[in-house]
Each structure stands twice: as C-alpha cells, then as structure tokens.
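Spelled out, the chains give:
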Amino acid sequence: MPSYNERENIEEAINRIVNILNNNLLEIIIVDDDSPDATWKLIKELNHKKVNLIHRTKEKGLASALAAGVEASKGEVIVWLDCDLGIPPEEIVTLIDYLNIYEVSIGSRYVRGGSDSRAKWITYSSTFINKLAQLMLSNEVKDYTSGFIAVRREVLDHIKINPHGFGEYFIEFAFKCVQENFNIVEVGYAYGDRKGGVSKSTDNFFVFLKLGLSYIKKIISLSYNKYF
C-alpha cells in the first residue's frame, strides 16, 4: 500500500486486512513518502508484526512507491491497493480466490457487481478514459485505472511496474498483461470516496485534469507502440 498523509485511515486499513487475512504468511508492506502528517511515525508506533514499513525521504510518487513495495515483497501472491479505504480491504479475499484459476485478478468498477459512488464528474471522466483505453488498446480489460489487483509472482517476473508518474502505470501494466497472454479476470467491487483525509487526485480540479491528460497520453503512446 502506498501512503502519503494517510494518518486518518492507515490503522483501520491494517486492522481490516489482518482480520481477513490473518495467517503466518501475511506481509503488509506500506511505502510512505515521508508524510507531513507523520503517517510513517504512527505506523512505527503501532509496531505491528505483520507490517513492513518502507519510509522514503527522497524518492516520491505513487507509481514508484508501488514499484518499491512490490520489489520488497516476498510472497507468491501480491496484492496492491490504496490505504484510504475507498476500496474495501475485505475485497482482497475475492481477488485472491480467483488466482486459483487466473494469473491476474483485477478489481473492477465496470463489470457485473462493480460501481463507483464518487461525484458524477469524476465517474464520467473515469468512464471516458477507460472506454478510450478499451477502444485503443484492448477490450479484454474494462478498468484500466483500477489500481486494485492481485497477481501471481510469475506475472511480476515478466512485467515490471513502471515507476514514473501517478496512475499511468496501471494502464501500462494491465495492457502488458494482455499482450503477454496472461489469464485475466475482472471482479466487480463497489468503489467509494476515501474515508478520511484529502485525495491526491480528485480534490483539486486542475490536478485531476492534468492526471487525466497524462492517462490519455499514456493510452495513445501504448496504442502507437502496439503497431510500431
């Protein structure tokens, strides 16, 4: 889980994950980019035996945090998601269960059982970007901006997370999974607003617009490279 100013959510997120996945093999990796609200300090104070904190003071960014967390992981099954509780941690179990059949399991807002209860202008924008990705890349994936996924280790042996940018990495990762012919399933889940704190992407319209344009640029780039 990447973390930046998540002090209001992080303890609950940890507890809910432990409650549903409490076994000897569970490892929760939190990559905190030196949060000004001292999320990293709270995690240290919790001193939870299942939690591995990576406290970064120089390199920052969502994609690079996820890449660092995945690189540090030891398990044969890896899951990543935000820790703001907009994604219910309980849905992790369902994604993992599908890995008995599939190699990649994506939490999706755009298949049966999926929904997005955020503000309409946000959901419309997200829908547009994903429809564009389906049109230009592949309709095998419906939610190219999910950010919620479970994969087998061998997938990450072939495909690395692009550490640059914000959510563009997921568009690229999902599309490469299609190109590498991994078996992919999308599992519907209900996505909502973060429980506490401020969103890094949607609370500022101009930041949201900038990110949206970067996603469209990534889709166009991947589509171009598909043919050349």
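Figured I'd write up the structure that's included with this text.

**Considerations on the pattern of salt bridges**
Consideration 1: Taken as a whole, this structure holds 11 salt bridges when the rule is applied.
Consideration 2: Between Arg 152 and Glu 154 there is a salt bridge; the shortest N-O distance is 3.7 Å.
Consideration 3: When salt bridges that share partners are traced, they join Arg 109, Asp 116, Arg 118 and Asp 143 into one network.

**Comments concerning the sheet that holds strand 4 (residues 77-80)**
Consideration 1: Taken in spatial order, the 4 strands make up an open sheet running 4-7-5-8, and their pairing is mixed. Each having just a single partner strand, strand 4 and strand 8 (184-188) make up the two edges of the open sheet. Averaged over all pairs of adjacent strands, the angle between strand axes in this sheet comes to 15°, irrespective of strand direction.
Consideration 2: Bridge count between strand 4 and strand 7 (residues 149-152): 4 bridges; the pairing is antiparallel. Bridge pairing in strand 7 places Ile 78 opposite Val 151.

**Things to note about the environment of Asn 139**
Consideration 1: Here Asn 139 lies in the loop between helix 5 (120-136) and strand 7.
Consideration 2: On a C-alpha basis, the gap between Asn 139 and Val 178 in space is 9.6 Å, while along the polypeptide they are 39 residues apart.

**Focus on the packing of aromatic side chains**
Consideration 1: In the structure shown here, the tally under the stated rule is 5 aromatic pairs.
Consideration 2: Measuring from centroid to centroid gives 6.3 Å for Tyr 98 and Tyr 102, while their planes differ by 45°, and the two rings are tilted.
Consideration 3: Here Tyr 102 falls in the partly exposed class, since its relative accessible area comes to 26%.
Consideration 4: A connected cluster of aromatic rings, assembled from ring pairs, spans Phe 148, Tyr 189 and Tyr 191.

**Overview of the sheet that holds strand 1 (residues 2-3)**
Consideration 1: Sheet architecture is open: 3 strands sit in the order 1-2-3, paired in parallel fashion. The open sheet has two edge strands with one neighbour each: strand 1 and strand 3 (51-55).
Consideration 2: In this structure, strand 1 lies alongside strand 2 (residues 28-32), joined through 2 bridges in parallel fashion. Residue pairing in the sheet places Pro 2 in a bridge with Val 31 of strand 2.
Consideration 3: Set on the sheet, helix 1 (residues 10-21) makes contact with strand 2 and strand 3; between it and strand 2 the angle comes to about 160°.

Criteria and cut-off values
Residues numbered from 1 in each chain as written. Predicted model: local features only at pLDDT ≥ 70, side-chain atom pairs only at ≥ 80, totals over all residues. Heavy atoms only, no water. Salt bridge = Lys/Arg side-chain N within 4 Å of Asp/Glu carboxyl O. Pairing = 2+ DSSP bridges. Helix = DSSP H or I, 4+ residues; strand = E, 2+ residues; numbered from the N terminus. Axes fitted to C-alpha atoms, helices over the stretch in contact; angles between N-to-C directions. Phe/Tyr/Trp six-rings, centres within 6.5 Å; stacked < 30°, edge-to-face > 60°. Buried < 20%, exposed > 50% of the residue type's maximum accessible area, 1.4 Å probe, protein only. Contact = heavy atoms within 4.5 Å.

No statement about biological role is implied by the geometric values presented.
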